[in-house]
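So the chains spell out like this:
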Number of protein chains: 2
Amino acid sequence: MNNKTILLGHGSGGKLSHELIQSIFFKHFGENDKHFPTDASLLHLPDTHIAFTTDSYVVDPIFFPGGNIGKLAVCGTVNDLAVSGATPLYLSCGFIIEEGFPFAQLEEIVETMADEARKAGVRIVAGDTKVVDKGKCDKIFINTSGIGAINPQHKHISYGDNIQPGDKIIINGNIAEHGVTIIGSRNNIKFADDLKSDCASLNLLIKDIMEASNSIRFMRDATRGGIATVLCELVENRNYGILMDEDKIPVSESVLGLCEVFGFDPLYIANEGKLVLIVAQEDADKVLDAMRKNILGTMACIIGEVTAENPQRVLLKTQIGGKRIIDMLTGEQLPRIC
Amino acid sequence: MNNKTILLGHGSGGKLSHELIQSIFFKHFGENDKHFPTDASLLHLPDTHIAFTTDSYVVDPIFFPGGNIGKLAVCGTVNDLAVSGATPLYLSCGFIIEEGFPFAQLEEIVETMADEARKAGVRIVAGDTKVVDKGKCDKIFINTSGIGAINPQHKHISYGDNIQPGDKIIINGNIAEHGVTIIGSRNNIKFADDLKSDCASLNLLIKDIMEASNSIRFMRDATRGGIATVLCELVENRNYGILMDEDKIPVSESVLGLCEVFGFDPLYIANEGKLVLIVAQEDADKVLDAMRKNILGTMACIIGEVTAENPQRVLLKTQIGGKRIIDMLTGEQLPRIC
């Protein structure tokens, strides 16, 4: 088993496909039902209002400190649903695998996905595997799509419709850890012990937040493009601006060091377990309290606020007292970060 | 525009990503709403019972007679939902694109997807684009996931729970056209004029079928592995068998010719617009009548029946009068057929 590799036949829809499904996918994801494999999974939702999302993962390397491509694929889609104010329920996963990929690595990835899904309380209910000839893809790509149930009263969270000047901007911990970990891994840099990807499912933290306040204005996980991109997108065509306080944005020493070496701005670096949250000023403390009780929010803090001044602009109050404009990322900073 | 190619930056989540989304995806798929891009699409379903499915498409070549990878991706997922007895409603699409891929080809693919979605009456509501370095994938891969609404009374269709000896097996037209077209394209074979992929959305044909009879026992689109694989999967661990009549299985002359040249058995060759349907004997004529009125079912015919004899076996009554066992495909017959 240990030397076994993926063959083109594992993607054929024939006998080898069936064996792969039985020996790896059903083993870890669980059989959806006792019937023979069907084309679609039949599900019953608690509500007719849903959130639906998709993401493909092509991260390089596929294994990194703090996770692997499978963990990323589950967390990323869970988070996209949760920040929309939805309760993530069901995921699909589509694998594109390069011929010759080791079975043992595939099993490790699938096992991680199953573990992470269990932790997040979602079920992986539909799947697909394609195998391409050696050299026609890079090891493994994974697509996850997801369905969540949403209370229609929470729809404004996804759009940020209720954002007002004075609202506070909160983050749940140190930024830029995923991106820097991936860059470091690619360059074989020995990390400080504490540096690893922050890859995590945020839905249970978000549940705590939603229970603490009825005045959540907006949530977004700050992935590709980092927290700068989230905030720049948010102020586009809006009649408010954002003022961030550089002093207050949590970044670890090791991340700052590596960003200096590589010439990267941590504000633009991808996170995979960081939530940018906007909440009414009067509820900020309540929300911070709730967040700090959750293992993924112990370092939660206010990093800025929504302003009536400078509409459509994100400004950063720098440590030396000046202000600089934060603009949207141009070009590709870090390819294949997720 | 015509010489423009995809850059790594188009997958960065920054400015170039936004431009790509505006200039190609929103242009053809339509903007989901007037809000800024969100992580998940918020939808309202007509019912809480749904079918959910996912498929990745890696077909090579990406353009072929009768379609392209985008048409395949929409039709394939629409069909997976429809054969489950569901009404397809919403699709997501995830693109993985090789750096340097021509913009014009991407737009052609996206336009085809939008056209096909319109024809099938489904909406493409969620998307994602990743770009990988040149040589790290083969041109373009597309994942489509889909959600359909299902009447819970139709759940047995997906599982084939009500199949009984005497039920008739129907197909809606000539088999093996997609697979043979792809093989031919790869080998630069000049086709007869009539040979092209049968790639089509079957949901409207299936609607006609469901309206014609309450005794539909099972439906499946015969993709990878062909009609043989569908029927072999179906009889696994069942107390009935299947007897097909070789004489009655519709195959065109050109497909038969190419299968002979390449040594392929058309029963195992992929279709992308062929439906294997099992219906109660007494409703077979009604269903055939309804199918023949639909452009995708004009050649609909009975190709075999469910038998009490030979449980767990698919038998083929051959043209010379013998019977042979049809077994599940071993190994990879045709890689990257879809």
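Residue and element names in this part refer to chain A. Its domain assignment divides chain A into domain 1 (36–154) and domain 2 (160–326). Of the roughly 1700 Å² buried at the junction of domain 1 and domain 2 (both faces included), carbon and sulfur atoms supply 62%. Contact with domain 2 buries area across many residues of domain 1, yet P65, N79 and V83 alone supply 32% of it, more than any other trio. The interface formed by domain 1 and domain 2 holds zero salt bridges in total. Elements supplying a minimum of two residues to the side of domain 1 that touches domain 2: helix 2 (69–82) and helix 3 (103–120). In terms of residue count, helix 2 provides more of the side of domain 1 that touches domain 2 than any other element does, eight residues in total.

Here the focus is helix 7 (residues 226–235) of chain B. Residues and elements named next belong to chain B. Taken across its ten residues, helix 7 has ten buried, putting it largely inside the fold. Three or more residues of helix 7 are buried, namely G226, I227, A228, T229, V230, L231, C232, E233, L234 and V235. N237 sits one or two positions beyond helix 7 and adopts a positive phi of about 60 degrees.

The full count for this structure, using the stated rule, is 40 salt bridges over all chains. Between D138 of chain B and K139 of chain B there is a salt bridge; the shortest N-O distance is 3.3 Å. By relative accessible area, K139 of chain B is classed as partly exposed at 36%. Via salt bridges that share partners, D55 and R224 of chain A together with D128 and K130 of chain B belong to a single interconnected network.

All names here are of chain B. The strand order across the open sheet built from seven strands is 9-11-8-12-10-13-14, with neighbouring strands paired in mixed fashion. Every other strand in the sheet has two partners, leaving strand 9 (216–221) and strand 14 (323–326) as the edge strands with one partner each. Across the sheet, the mean angle from the axis of one strand to that of its neighbour is 25 degrees, orientation sign disregarded. Note: strand 9 against strand 11 (residues 275–279), five bridges, orientation antiparallel. In the sheet register, F218 faces strand 11, and the bridge partner there is I278. Contacts from helix 7 reach strand 8 (168–171), strand 9, strand 10 (241–245), strand 11, strand 12 (301–307), strand 13 (314–317) and strand 14 within the one sheet, and its direction differs from that of strand 10 by about 155 degrees.

A word on unusual backbone geometry. In this model, D60 of chain A is joined to P61 of chain A through a cis peptide bond whose omega is 5 degrees. Note on placement: P61 of chain A falls in the loop between strand 2 (49–57) and strand 3 (63–64). Residue N237 of chain A is not a glycine yet carries a positive backbone phi of 60 degrees. Its place among the elements puts N237 of chain A in the loop between helix 7 (226–235) and strand 10 (241–245). Despite not being glycine, R336 of chain B has its phi angle at roughly 55 degrees, a positive value. In this fold, R336 of chain B is placed in the segment after strand 14.

Each value, and the rule that gives it
Residues numbered from 1 in each chain as written. Chains lettered and ligands numbered in written order. Predicted model: local features only at pLDDT ≥ 70, side-chain atom pairs only at ≥ 80, totals over all residues. Heavy atoms only, no water. Domains from an automatic or database assignment. Buried area = accessible area lost by both parts, 1.4 Å probe. Salt bridge = Lys/Arg side-chain N within 4 Å of Asp/Glu carboxyl O. Helix = DSSP H or I, 4+ residues; strand = E, 2+ residues; numbered from the N terminus. Buried < 20%, exposed > 50% of the residue type's maximum accessible area, 1.4 Å probe, protein only. Pairing = 2+ DSSP bridges. Axes fitted to C-alpha atoms, helices over the stretch in contact; angles between N-to-C directions. Contact = heavy atoms within 4.5 Å.

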